[in-house]
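# Chain and residue survey
The primary structure of each chain is shown beneath.
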Amino acid sequence: MAADLGELLVPYMPTVRVPKAGDRVFKSECAFSFDSPESEGGLYVCMNTFLGFGREHVERHYRKTGQSVYMHLKRHVKEKASGAAGGAIPRRRNGKVFLELELNRDFNGEEYECEDEAKLVIFPDHFEIPLPNIEELPALVTIACDAVLNAASAYKKQEPETWEEDLQVSRHARTLTQLDNGVRIPPSGWKCDKCEMRDNLWLNLTDGTVLCGKWFFDGSGGNGHALDHYKETKYPLAVKLDTITPDGADVYSFEEEEAVLDPHMSQHLSHYGIDMLHMQKRTENGQHTDNNTRPRVSEWEVIQESGMKLKVVYGSGYTGMKNLGNSCYLSTVMQVLFSIPHFQRTYVGNLQRIFDYSPLDPTQDFATQMAKLGHGLLSGQYSKPPVKCELIEQHQQKGVSPRMLKALASRGHPEFSSDRQQDAHEFLMHIINLVERNSSSSENPSDAFRFLVEERVQCCQTRRVRYSQKVDYCIQLPAPMEAATNAEELLAYEVKRREAEEKMTAPPGPVRARIPFSACLQALTEPHNVPDFWSSALQAKSAGVKTSRFASFPEYLIVQIKKFTFGVDWVPKKLDLAIDVPDFLDLSRLRATGLQAGEEELPDLMPPIVLPEDTTDTSMSSLDSPEIDEVAVMQLAEMGFPLEACRKAVYYTGNMGPEMAFNWIIAHMEEPDFAEPLLLPSMLDPAPEILLGTTRLDNSPPEESIAILTSMGFPRTHGIQALRATNNNLERALDWIFTHPEEEEEEEEESDALSNMADTEPNENAFSNANSHSDSTLSPGGDTSVPRVKDGPGRYELFALISHMGASTMSGHYVCHIKKEGRWVIYNDHKVCLSERPPKDLGYIYFYHRLSSS
């Protein structure tokens, strides 16, 4: 028999590989579906590519690649025999086979056991060889099989690539001396013992002093009194007060000059009257609120509809998603997107075509993974009512895992590739970007969110105006706190809160601001000042105001409530407010009207370009020093970033503030010249049509802006195209470059009407939204190179909302509510239920569909 098996495998030996370092073995999930070894048909792992395929898809891979040898993995979950010993988890009969696979947590470990089975299958005849079969198989095949069976999960190998720090136990933790000085730390109202700082406070674990930090690993600001105290006393360890939870806290060792672990933290804190187990309140979702931010109990209960007997629903469109650990921001966004017909049609409607034309590694193809997730959510295959089958109760509402799409969509992104909580709005814009990039030759479902914004800028002195248009995807509504209808109640709460802080007593219960939706809409559309406005009529700086209106209305409107702001510790914090968002919305009165009779346009002139006096040197010393916000530079430098890098960040983001500069630093910190001094390329050779005085707006971007883009490594021609396409807006030009690959340059150059209104990337302006099918199709300026928008009436109906619970986008939990078949449904990770009271006034992102004109 051994000889027979050897001869049988000889033709396929060149295709059988042993996994090497760096190879990922997909033995827990199919590349095209959510089939796993626990599925009825098991999982087939290719012994050459190590990709996994369900029974429905393995034949496709065989036909496409010719790979014939697969390992078939199957897990059988059975009810334990009467009298069998119980256990914490189902018992495995072949434990070694699935060493790295997670058990299905829906099975009760005391009642069931697992039996794992593996075998080689040779296609196309489906010849099966049970494993292990060491004596009868060739040595290479045996080694390869053993390596696959013992390989780590494909995604477990990615976990160390996140930005989480590997902290070491402090050498002082075990022998730390604590003074018996009677110090007790109150639960709130902390203040630095040497100054008035109330943020970034550190408790010295030796003597109990509370002092402010400065040059610590988290980059928070302060006066450095904690470090000064260490220099005086040599007391080595301090813990950051607002980070204490039952799981630990941020601990810094002054002597070791790094963040460390303290395994005796509970004992050290109890010395000062701090009980770690009561420093944090957990919710049923595993999320938390800490002592410093106060738990928003009512918010969590209202949004999740806690305490109500919600009816669980199953079937097509009612499939939940497993939480991978702070992945609820992704789950809510994808649930809403795949409730929209355009995404259903593009990815699920074209499922077979997408799968048939997928690349050899479908795990790295965006369309394939979108189609896979869409089918998983909409097919109903993974959302079935509980049934009794072979004496095993199958709890089917366990949801699908978005791990494969998350890994692909977040690749190269420093935040989304981590396991930290993220902003759902930012991820929505990120997904729209990816859809745009991957839909160049096919239907683009993000057309559903695209619309035109008309911007009207008026010179206050001459009263002359300029109109321009841009493409956007979402409107971001301000939340004017001054418009709150319960202003007196808010003022009384603030007085009580400050009194409690001064007296170091428990703060009063929070009061939620109630803001009319009409006030938010008014704040969006009212005129606002244009900083550093240069009037082409005066050919000098002047006062200018800008108003924005809809030049077109999308079929699907995304509305984000700007609930988050940055605190002094650079952590996004949420405003506690409720807005009476309407079910029906009519924006017709906000439609743009264009140039009106009696209005006079500003001349098509641009500010003069100031050339350097010494035109023989291209270094920074020969150029006029660029205007750089030194305050922003120092704020970034105090976070621990190199000074020159901070200067570049502020310069390249156009002095738009420390937040924008911080994002630039995160995106460029791996570059080899990150900390090198800021050098600008020579601006000696302006284009012939650019004059030293004022310059015409004849599609000639300012040479200074071109120089900035080329200094960032972009080709000059690509930079010129980007500036032309974005009305010479440097920030938007950067966005444009990333969404328009260089191979499109020739096609773009052929269109000499390259619009100054095109911005195909979601941006940070107040407007941002879109969808397809409308009454008319527009292309700004008639330019076919610009993304199309489809206009229609501005009347909408609410059909979905994403809500956030918690004090910051960096923590908390997201759920979404979607209106399906005339009823509201709540999607809370893997749980899908009929909603009784959708929290429409507490939402973060709202989704509207356009009403028909009839």
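Structure: above.
This section reports on the structure supplied with the text. All values derive from a computational prediction rather than experimental measurement.

Once that is clear, we can look at the overall build of the chain. Each helix and strand in the chain was counted, giving 21 helices and 38 strands. The buried share of the chain, reckoned over its 854 residues, is 53%. Look at the contacts in the chain between residues 6 or more apart in sequence, and 69% of them connect residues 24 or more apart. When the accessible surface of the chain is summed, it comes to about 39,300 Å², and 49% of that surface belongs to carbon and sulfur atoms.

Now for the side chain of His-813. When you line up the elements, His-813 lands in strand S35 (residues 813–820). By relative accessible area, which is 0% here, His-813 ends up buried. Within the local environment of His-813, its side chain forms a polar contact with the side chain of Asn-828, the two groups lying 2.8 Å apart.

Attention now goes to the sheet that holds strand S24 (residues 544–550). If you walk across this open sheet you meet the 4 strands as S18-S17-S24-S21, and the pairing is antiparallel. The sheet is open, and its two edges are formed by strand S18 (465–472) and strand S21 (528–529), each paired on a single side. Judged from the 7 bridges that link them, strand S17 (residues 451–459) and S24 form a sheet pairing that is antiparallel. For Val-453, the partnering residue across the bridge sits in S24 and is Phe-550.

A separate point is the packing of helix H8 (residues 341–348) against helix H10 (residues 366–378). Remark: H8 packs on H10, axes separated minimally by 8 Å, with the N-to-C direction vectors making an angle of 115°. H10 is crossed by H8, and the crossing has left-handed handedness. Residues Phe-343, Gln-344, Tyr-347 and Val-348 of H8 form the contact with H10, whose own contacting residues are Phe-366, Ala-367, Met-370, Ala-371, Gly-374, His-375 and Leu-378.

A word on the nonpolar core. One finds Leu-120 and Met-334 to be the most contacted residues of the largest nonpolar core, which totals 100 residues. No other element matches the 8 residues that helix H12 (residues 424–437) contributes to this core. Leu-120 has contacts with Met-47, Val-69, Tyr-70, Met-71, Phe-127, Glu-128, Ile-129, Leu-131, Leu-137, Val-141 and Cys-145, leaving out every residue within four places of it along the chain. The next biggest cluster of nonpolar side chains, apart from the first, holds 33 residues, and it includes Leu-557, Val-559, Leu-577 and Val-581.

Mapped onto the elements of the fold, Thr-332 is located in helix H7 (residues 328–337). Those residues within four positions of Thr-332 in sequence are excluded, and the remaining contacts are Ile-802, Tyr-814, Val-815 and Cys-816.

Once that is clear, we can look at the sheet that holds strand S7 (residues 168–169). In space, the 6 strands of this open sheet follow the order S7-S12-S11-S10-S8-S9, with mixed pairing throughout. Looking at which strands have only one partner, the edges of the open sheet turn out to be S7 and strand S9 (210–212). Packed onto the sheet, helix H4 (residues 225–233) meets strand S8 (201–204) and S9 and runs at close to 120° relative to S9.

Where nonpolar side chains cluster on the molecular surface, the patch consists of Leu-167, Val-169 and Leu-261 and spans about 220 Å² of accessible area. Looking at where Val-169 falls in the secondary structure, it is placed in strand S7.

Moving on, we come to the packing of aromatic side chains. Within the structure shown, the criterion is met by 21 aromatic pairs. Cluster of aromatic residues (ring-pair linked, three or more members): Tyr-44, Tyr-62, Tyr-70 and Phe-123. Stacked on the ring of Phe-32, the Lys or Arg Arg-60 has its end atom at 5.3 Å from the ring centre. The ring of Tyr-318 carries Lys-820 above its face, with NZ or CZ at 5.6 Å from the centroid.

The next subject is the pattern of salt bridges. In total, this model carries 31 salt bridges according to the counting rule given. Taking the shortest distance from any N to any O, the salt bridge between Arg-420 and Glu-415 comes out at 3.5 Å. We classify Arg-420 as partly exposed; its relative accessible area is 24%. Salt-bridge contacts for Asp-841 lead to Arg-514; the nearest nitrogen and oxygen are separated by 3.7 Å. Remark: Arg-514 occurs in strand S20 (residues 513–515) and Asp-841 occurs in the loop between strand S37 (831–834) and strand S38 (843–850); sequence separation between them is 327 residues. Asp-841 sits in the partly exposed class, given a relative accessible area of 27%. Through salt bridges that share partners, Arg-198, Glu-494, Arg-497, Arg-498 and Glu-501 make up one connected network.

What counts, and at which threshold
- Residues numbered from 1 in each chain as written.
- Predicted model: local features only at pLDDT ≥ 70, side-chain atom pairs only at ≥ 80, totals over all residues.
- Heavy atoms only, no water.
- Helix = DSSP H or I, 4+ residues; strand = E, 2+ residues; numbered from the N terminus.
- Buried < 20%, exposed > 50% of the residue type's maximum accessible area, 1.4 Å probe, protein only.
- Contact = heavy atoms within 4.5 Å.
- Areas by Shrake-Rupley, 256 points an atom, 1.4 Å probe, with all protein chains shown as cover.
- Polar contact = N/O pair within 3.5 Å; in protein donor to acceptor, adjacent residues only side chain to side chain.
- Pairing = 2+ DSSP bridges.
- Axes fitted to C-alpha atoms, helices over the stretch in contact; angles between N-to-C directions.
- Left-handed = near helix turned anticlockwise from the far one by under 90°.
- Core = buried A, V, L, I, M, F, W, Y, C linked by side-chain atoms within 4.5 Å.
- Patch = residues over 30% accessible without salt bridge, like charges linked within 9 Å, V, L, I, M, F, W, Y side chains within 5 Å.
- Salt bridge = Lys/Arg side-chain N within 4 Å of Asp/Glu carboxyl O.
- Phe/Tyr/Trp six-rings, centres within 6.5 Å; stacked < 30°, edge-to-face > 60°.
- Lys NZ or Arg CZ within 6 Å of the ring centre and 35° of its normal.

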